[in-house]
Amino acid sequence: MISSHLLSWYDQQGRSLPWRRESSAYELWLCEIIMQQTQVATGIDYWYRMLKVFPSVADLAAASIDQVLSEWAGLGYYRRAHQLHKAAIIIHEQGHFPLNHAQWLKLPGVGPYTASALASYLFKDPIAAIDGNANRVYSRLFDLPLPVDKAEGKQAIQALGNDSIDKDRPGDFNQAIMDLGSQICKGKKPACDQCPVSTYCLARERSSIHLRPVKSVKITVKKAHWAFMLVTHQGKIAVTNRNNQGIWPGLVTLPASQPENGQPLLWSCNHALTHMQLHITIHEAQLSDLNDSITWVDINELSELAWPQPFTRWLREFKYI
């Protein structure tokens with residue numbers, strides 16, 4: 001059986017991650033939200049950091065969104081932080097964490113993958129958690145010709161996963177699939193000779209590994225130039241809050257600039273997002289260049305604000321923090 005070979009490999013070769021020890025529902029939920037769109041090495045540090053500042057769901061619910069965003073700063077995909085905070089308030093008001101898969105799905109920021117993962121870890125529900133790694137593993141194991149980003153393909157992958165999952169250790173099985181995808185069944189150059197279930201892999205048997213998974217849509221990465229201005233006055237710097245706008249909702253940035261007006265360039269960087277390649281520039285400007293939607297912040301207090309990652313780089317390079 002696939003499950004016995006996979007779990008045997010997982011017990012010996014699976015990644016040693018801190019939340020895989022005896023973790024509470026809060027710790028596991030926090031981990032799953034952080035790990036969405038985040039590399040494990042980065043996510044571990046933020047997981048420890050968030051647990052230190054917000055050791056319980058009550059602490060997280062009692063915090064302001066600005067406090068949460070400040071601790072989240074640099075992790076990206078900031079809507080996750082907003083949804084995490086909203087969900088914490090709901091959980092705290094209910095007095096308990098969700099008790100089943102359906103209840104997890106009702107929380108902000110919890111989609112099918114996260115709900116399935118948590119249900120398998122906490123309640124031993126035999127539901128396959130399908131992320132990018134699982135898509136790749138299942139589509140190769142069963143040589144699935146359907147696009148995994150279309151409804152029919154998603155349904156097929158979910159069914160294959162549910163049929164394959166170990167009923168006694170569903171949580172470990174889901175973790176094992178993720179580890180297999182990240183360590184062995186990689187998108188490019190999969191290590192088939194090290195795979196514990198290679199003898200069951202139809203794509204390997206049919207020499208179609210390079211064709212799986214099938215995807216119907218290729219991501220188009222747009223390029224954009226975003227310019228900002230640095231205005232200082234009496235030991236303070238002008239900043240603006242993006243509220244719920246765009247890619248950095250609720251974070252602080254410098255005010256938008258019009259560099260074509262002759263403002264000198266102070267700093268620039270490139271910042272890659274999933275669908276966008278940003279070229280960010282910061283220009284020196286005057287009081288007269290500002291509009292009304294700014295806040296003056298003491299230079300010594302800049303480190304207390306929630307900045308997007310590119311601005312944190314700039315603040316460090318210019319010794320503001």
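Here is a short report on the structure shown in this document. (Residues numbered from 1 in each chain as written. Predicted model: local features only at pLDDT ≥ 70, side-chain atom pairs only at ≥ 80, totals over all residues. Heavy atoms only, no water.)

Observations concerning the overall build of the chain
Here comes step 1: Regarding its fold elements, the chain presents 13 helices and seven strands.
Here comes step 2: Taken along its principal axes, the extent of the C-alpha atoms in the chain is 70 × 45 × 35 Å.
Here comes step 3: Residue burial in the chain is summarised as follows: out of 321 residues, 48% are buried.
Here comes step 4: Considering only contacts within the chain whose residues lie at least 6 apart along the sequence, 65% involve residues at least 24 apart. (Helix = DSSP H or I, 4+ residues; strand = E, 2+ residues; numbered from the N terminus. Buried < 20%, exposed > 50% of the residue type's maximum accessible area, 1.4 Å probe, protein only. Contact = heavy atoms within 4.5 Å.)

With respect to the sheet that holds strand β6 (residues 276-284)
Here comes step 1: Strands sit in the order β1-β6-β5 across an open sheet of three strands; the sheet is mixed. Here the strands that pair on one side only, and so sit at the sheet edges, are β1 (222-230) and β5 (265-272). Geometrically, the sheet is characterised by an average inter-axis angle of 15° between neighbouring strands, direction not taken into account.
Here comes step 2: Summarising the sheet, β5 and β6 pair through seven bridges and their orientation is antiparallel. When the bridges of β6 are listed, Trp267 appears paired with Ile282.
Here comes step 3: Helix α13 (residues 309-317) contacts β1, β5 and β6 of the sheet and is inclined by roughly 140° relative to β5. (Pairing = 2+ DSSP bridges. Axes fitted to C-alpha atoms, helices over the stretch in contact; angles between N-to-C directions.)

Quick word on the environment of Gln13
Here comes step 1: Within the secondary structure, Gln13 sits in helix α1 (residues 2-13).
Here comes step 2: Taking the C-alpha atoms as reference, Gln13 lies 39 Å from Leu278; in sequence the two are 265 residues apart.

Some points on the nonpolar core
Here comes step 1: Membership of the largest hydrophobic core comes to 62 residues, with the highest contact counts inside it found for Tyr26, Trp29, Trp72 and Leu254.
Here comes step 2: Here this core takes nine residues from helix α2 (residues 25-35), the largest share from any one element.
Here comes step 3: Other than its neighbours up to four places away in sequence, Leu254 contacts Phe228, Met229, Leu230, Ile237, Ala238, Thr240, Ile282, Trp307, Phe311 and Trp314.
Here comes step 4: Counting 28 residues, the second largest nonpolar core, distinct from the first, contains Leu6, Leu144, Ile165 and Ile209. (Core = buried A, V, L, I, M, F, W, Y, C linked by side-chain atoms within 4.5 Å.)

What about the packing of aromatic side chains?
Here comes step 1: Scanning the model with the defined rule gives 11 aromatic pairs in all.
Here comes step 2: Here Phe97 and Trp104 contribute two aromatic rings whose centre-to-centre distance is 6.1 Å and whose plane-to-plane angle is 40°, an arrangement assigned as tilted.
Here comes step 3: Trp104 sits in the buried class, given a relative accessible area of 0%.
Here comes step 4: Among the aromatic side chains, those forming a connected cluster through ring pairs are Trp226, Phe228, Trp248, Trp307 and Phe311. (Phe/Tyr/Trp six-rings, centres within 6.5 Å; stacked < 30°, edge-to-face > 60°.)

Some words on the packing of α2 against helix α6 (residues 79-94)
Here comes step 1: In the contact formed by α2 and α6, the axes pass within 10 Å of each other and the chain directions differ by 160°. Taken together, the axes of α2 and α6 lie roughly antiparallel to each other. As α2 packs across α6, the resulting crossing turns out to be right-handed. Of the residues in α6, those touching α2 at Trp29, Leu30, Ile33, Ile34 and Met35 are Arg80, Leu84, Ala87, Ala88 and Ile91.
Here comes step 2: Looking at side-chain class alone, the contact of α2 with α6 contains nine nonpolar, no polar and one charged residues. (Parallel < 35°, antiparallel > 145°, perpendicular 65-115°, else oblique. Left-handed = near helix turned anticlockwise from the far one by under 90°. Nonpolar A, V, L, I, M, F, W, Y, C, P; charged D, E, K, R; others polar.)

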